[in-house]
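If you want the building blocks of each chain, they are given just below.
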Amino acid sequence: EVQLVESGGGLVQPGESLRLSCAASGFTFSDYGMHWVRQTAGKGLEWVSDLTAAGRTHYAGSVRGRFTVSREDAKDSFYLQINSLTAGDTGVYYCVRGTKAVAGVDFWGQGTLVTVSS
Amino acid sequence: QTVVTQEPSLTVSPGGTVTLTCASSTGAVTSGNYPNWFQQKPGQTPRALLYSTSDKHSWTPARFSGSLLGGKAALTLSGVQPEDEAEYYCLLHYGGSWVFGGGTKLTVL
């Protein structure tokens, strides 16, 4: 059974940094690209970033330069480093598995809540 | 800034058929945008329904189908069930990055 478990969210002050983690299980992690998607309060979904199995990264324009994705295949783990947090970054961050071919995404984690407030 | 547009809301009767669409500000949606569709019910995590325009995941009910229609991606629900009431999102690929649509709130009434 594919499982994705996010951690690292919490209450942070504007300007601070945060590192989100995603622990994967139930599949050969190194074979798959991974994505981060966020959902702000009462709003829709926003694709944030991905890291392909081959190691290529892509970012949404709204986060490029502040967000960095990485992965440790030996630990079946995926990360999102967020710097210079603003209130606009408040929301639930989901770890999502890519399909084996670059055709979309399939399995979602339960999400971790990030709240940016002073 | 690429914008992906969906109908804000649609209403369908139980047992009916409804089509939701997904348009791109860059022009016609093609198979190269690998349209994906997701369902999200209140308080729940999004659930993937379709990928690569019309491919179903193993858990996707047969009444959900995808296509390209008039330059847009389309999700058609046939024989709508009350449990299909939810928010539906599309996701399009743009040469490396992806963009979600704003979502369609589907009401079954």
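Summarised in this report is the structure supplied together with it. Throughout, a residue's number is its position along its own chain's written sequence, starting from 1. Just so you know, chain letters begin at A and ligand numbers begin at 1, following the order they were written in. Under the rules for a predicted model, residues below a pLDDT of 70 receive no local features and side-chain atom pairs below 80 are neither given nor counted, while totals for whole chains, interfaces and linings still include all residues. The basis for the side-chain values is all heavy atoms of the structure; hydrogens and waters are excluded.

Bringing the overall build of chain A into the picture now. Here a strand is any run of E in DSSP of at least two residues, a helix any run of H or I of at least four, and the numbering for each starts at the N terminus. A tally of regular secondary structure across chain A gives 0 helices and 11 strands. Going residue by residue from the N terminus, the α and β elements of chain A occur as β-β-β-β-β-β-β-β-β-β-β. Over its C-alpha trace chain A gives a radius of gyration of 13 Å, about what one expects of a compact globule, namely 13 Å for 118 residues. Whether a residue is buried, partly exposed or exposed follows from its accessible area with a 1.4 Å probe, protein chains only, as a fraction of its type maximum: under 20%, in between, or over 50%, in that order. For chain A, the proportion of its 118 residues judged to be buried stands at 50%. At a minimum sequence separation of 6, the contacts of chain A that also span at least 24 residues come to 53%. Counting 10 positive and 11 negative side-chain charges, chain A places the averaged centre of each group 5 Å from the other. Values of the radius of gyration come from C-alpha atoms, whereas the globule rule sets the reference at 2.2 Å times the count of residues to the power 0.38. Working rule for contacts: check all heavy atoms of both residues, and any pair within 4.5 Å makes them a contact. Here Asp and Glu are counted as negative and Lys and Arg as positive; His is not counted, and neither are the chain ends. Charged side chains are reduced to one point each, which is NZ for Lys, CZ for Arg, CG for Asp and CD for Glu.

In this assembly, 22 residues from chain A lie in contact with 19 residues from chain B. Roughly 1,600 Å² of surface becomes buried between chain A and chain B when both sides are summed, with 68% attributable to carbon and sulfur atoms. Salt bridges, as used here, are contacts in which a Lys or Arg side-chain nitrogen is within 4 Å of a carboxyl oxygen on Asp or Glu. At the surface where chain A touches chain B, the tally comes to 0 salt bridges. Put simply, the parts of the chain that give the side of chain A that touches chain B at least two residues each are strand 4 (34-39), strand 5 (45-51), strand 6 (57-59) and strand 10 (105-108) of chain A. Gly is put with the polar residues, along with every residue not named as nonpolar or charged; the nonpolar set is Ala, Val, Leu, Ile, Met, Phe, Trp, Tyr, Cys and Pro, and the charged set is Asp, Glu, Lys and Arg. Partitioning the side of chain A that touches chain B into residue classes produces 10 nonpolar, 8 polar and 4 charged. Two parts placed together each lose some accessible area under a 1.4 Å probe, and the buried area is that loss summed for both.

What follows is about the sheet that holds strand 7 (residues 64-69) of chain B. Residues and elements named next belong to chain B. In space, the 4 strands of this open sheet follow the order 1-3-8-7, with antiparallel pairing throughout. Edge positions in the sheet fall to strand 1 (4-6) and strand 7, since each of these pairs with one other strand and no more. Strand-to-strand twist across the sheet, computed as the mean angle between neighbouring axes with direction ignored, equals 20°. Two strands pair if DSSP finds at least two bridges between them. In this structure, strand 7 lies alongside strand 8 (residues 72-78), joined through 6 bridges in antiparallel fashion. Its bridge partner lying in strand 8, Gly-66 is registered against Leu-75. Only the stretch in contact is used when a helix axis is fitted, and all axes are lines through C-alpha atoms; the angle between N-to-C directions ranges over 0 to 180 degrees.

Right, let's get into the pairing of strand 10 of chain A. Looking at chain direction, strand 9 (residues 91-98) of chain A and strand 10 of chain A are connected through 2 bridges and run antiparallel. Paired with Val96(A) across the bridge in strand 10 of chain A is Trp108(A).

Grouping buried Ala, Val, Leu, Ile, Met, Phe, Trp, Tyr and Cys residues that are joined through side-chain atoms within 4.5 Å yields what is termed a nonpolar core. With 40 residues, the main nonpolar core has Trp36(A), Phe78(A), Leu80(A), Trp108(A) and Phe100(B) as its most contacted residues. Core analysis: the next-biggest nonpolar cluster, separate from the first, contains 22 residues, Cys22(B), Ala73(B), Val80(B) and Val108(B) among them.

Turning next to the packing of aromatic side chains. Here a pair means two rings of Phe, Tyr or Trp (six-membered ring of Trp) with centres within 6.5 Å. Their orientation is stacked below 30 degrees between planes, edge-to-face above 60, and tilted elsewhere. This model, assessed by the stated rule, comprises 8 aromatic pairs over all chains. Plain terms: the ring middles of Trp36(A) and Phe78(A) are 5.3 Å apart, the flat faces sit at 15° to each other, and that makes the pair stacked. With Trp36(A) in strand 4 and Phe78(A) in strand 8 (residues 77-82), this pair connects stretches of sequence that are 42 residues apart. Pairing Phe38(B) with Phe100(B) gives two aromatic rings, centres 5.8 Å apart and planes at 55°, and the pair type is tilted. Here Phe100(B) lies in strand 10 (residues 97-100) and Phe38(B) lies in strand 4 (residues 36-40), a separation of 62 residues in the sequence.

Moving on to the pattern of salt bridges. Residue and element names in this part refer to chain A. Taken as a whole and assessed by the stated rule, the structure comprises 9 salt bridges over all chains. A salt bridge links Arg-38 to Asp-89; the nearest nitrogen and oxygen atoms lie 2.9 Å apart. Residue Arg-38 is found in strand 4, and its partner Asp-89 is found in the loop between strand 8 and strand 9; the two are separated by 51 residues along the sequence. The exposure class assigned to Arg-38 is buried, which follows from its relative accessible area of 6%. A salt bridge links Glu-72 to Lys-75, with the shortest nitrogen-to-oxygen separation between them at 4.0 Å.

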